[in-house]
Amino acid sequence: MLQTLRERLQQPHKIVIIPHKNPDGDAIGSVTALCGYLEQLNHEVTMISPNEFPDFLNWLPLSEEFVIYDQETDKATEKLKEAEMTFHLDHNAFHRTGQMEEVLQNLNTFFVMVDHHQQPDNFADLTFSDPSMSSTCEMIYHLITGVGDAKLITPAMATSMYTGILTDTGSFKYRSTTPTTMRVAADLMDMGANSESINRKIYDVNTPSRMKLLGVALSNLRILPEYRTAFITLSQQELDENNFNKGDTEGFVNYALSLNDVVFAQIFIEKESEGIIKTSLRSKGDFDVNLMARKHWDGGGHRNAAGGKSELDMDATMEKLISILPAYEKELLQTAI
Ligand code: 5GP
Ligand code: MN
């Protein structure tokens, strides 16, 4: 498969690289790193994000070159129609690109998927899917080195890949962090990624308003010890009152999960403009939130980190959560941590 990809990349092509909607560090990191690589192979590369990405990622190399689909739909659509290849990074289904889904479904191009989520759709002509990987960025590293091009990894590309590995592993804390992940991170430092500087740019992002919003989130925290569960809500009004900026709520759910006897945490964030409540689920040990998000919250993700949405109002959404938990009681109480 690597051979097929290598052959395909021998001639210059028009290529579009796409992360998932609401892209995170792994999505933007993998797309920008791959872009840096493909440009060196003389391809004409366009990066198209379904929507804007949070400010804490806007310093990443090449990030200013993204075409944002929901802001520049005509330009993005034209690039997609011209594309001879599209790369789908950090997602494994067209619907994860939000509004771009329809255009993608009608494209006649060569689709490549590189992703580490479970249960991939089979839209791609080449599918690199490995749920045992810490991150898509780690997969991009293995792809580039696997085709013998380690020497083409620039400090900028190393920075992008290090960032995605850092954010998707919760700073090398999650179980998905393997000895190989650590070796890849070390190699990326050798290749020019500055760990201290990256950590500062990603994590030292508090503003007074984000801090206040965190205070609101923590005061809304509810703990259900009988289910070893904790959850947080944030209404649109609470977001507005605290000058919510995209990305501000990143990581809030981890405060709920950090309670010592909690194994399952969920945050619910109202998005009035979309008429939904966006939710993030996190777990410890073997408790599988990917399955839970797929079954109840119209979403998915990984075993220990998943997302989804609710179309009910906040009160009804809370009632739904409370009604779901009894079915998981045994599993929650038995989860070893
Ligand atoms: P987050 O909660 O940080 O937005 O996402 C956690 C994980 O779940 C990420 O791997 C993300 O790609 C996945 N995820 C988040 N929201 C959704 C969703 O609505 N649908 C699916 N299938 N996956 C999601
Ligand atoms: Mn990822």
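Residues numbered from 1 in each chain as written. Chains lettered and ligands numbered in written order. Predicted model: local features only at pLDDT ≥ 70, side-chain atom pairs only at ≥ 80, totals over all residues. Heavy atoms only, no water.

Draft legend 1. Structural view of the packing of aromatic side chains. A complete count under the given rule lists nine aromatic pairs for this structure. Through a chain of ring-to-ring contacts, three or more aromatic side chains come together here, namely Phe94, Phe111 and Phe123. In this structure, Arg8 packs its charged tip against the face of Phe110, placed 3.7 Å from the ring centre. Taking NZ or CZ as reference, Lys320 lies 4.4 Å from the ring centre of Trp297, over its face. (Phe/Tyr/Trp six-rings, centres within 6.5 Å; stacked < 30°, edge-to-face > 60°. Lys NZ or Arg CZ within 6 Å of the ring centre and 35° of its normal.)

Draft legend 2. Region of the structure containing the site of ligand 1. Around ligand 1 there are 13 residues in total, and Arg96, His117, Lys278, Ser280 and Arg282 lie nearest to it. Arg96 is positioned with one of its side-chain polar atoms (N or O) 2.9 Å from an oxygen atom of ligand 1. A distance of 3.1 Å separates a nitrogen atom of ligand 1 from a polar atom in the backbone of Gly300. Protein chains bury 80% of the 490 Å² of accessible surface belonging to ligand 1 in isolation. Put simply, the parts of the chain that give the shell around ligand 1 at least two residues each are β10 (276-283), β11 (300-301) and β12 (305-310). Top contributing element to the shell around ligand 1 by residue count: β12, with four residues. Within the shell around ligand 1, the residues separate by chemical class into two nonpolar, eight polar and three charged. (Near = heavy atom within 4 Å. Polar contact = N/O pair within 3.5 Å; in protein donor to acceptor, adjacent residues only side chain to side chain. Areas by Shrake-Rupley, 256 points an atom, 1.4 Å probe, with all protein chains shown as cover. Helix = DSSP H or I, 4+ residues; strand = E, 2+ residues; numbered from the N terminus. Nonpolar A, V, L, I, M, F, W, Y, C, P; charged D, E, K, R; others polar.)

Draft legend 3. Molecular detail of the domain arrangement of the protein. The assigned domain composition of the protein is domain 1 (2-203) and domain 2 (209-334). Its C-alpha centre places domain 1 at a distance of 27 Å from the equivalent point of domain 2. At the junction of the two partners, domain 1 supplies 14 residues and domain 2 supplies 14 residues. Both sides together, the interface formed by domain 1 and domain 2 hides about 1,100 Å², and carbon and sulfur atoms give 40% of it. A per-residue breakdown of the area domain 1 buries against domain 2 is headed by Gln118, Gln119 and Arg175, which together make up 40% of the total. Across the domain 1-domain 2 interface, the total number found is two salt bridges. Ionic pairing is found between Asp286 and Arg175, a salt bridge with its closest N-O pair at 3.4 Å. The tally of links between domain 1 and domain 2 comes to eight residue pairs in polar contact (both at pLDDT 80 or more). (Domains from an automatic or database assignment. Contact = heavy atoms within 4.5 Å. Buried area = accessible area lost by both parts, 1.4 Å probe. Salt bridge = Lys/Arg side-chain N within 4 Å of Asp/Glu carboxyl O.)

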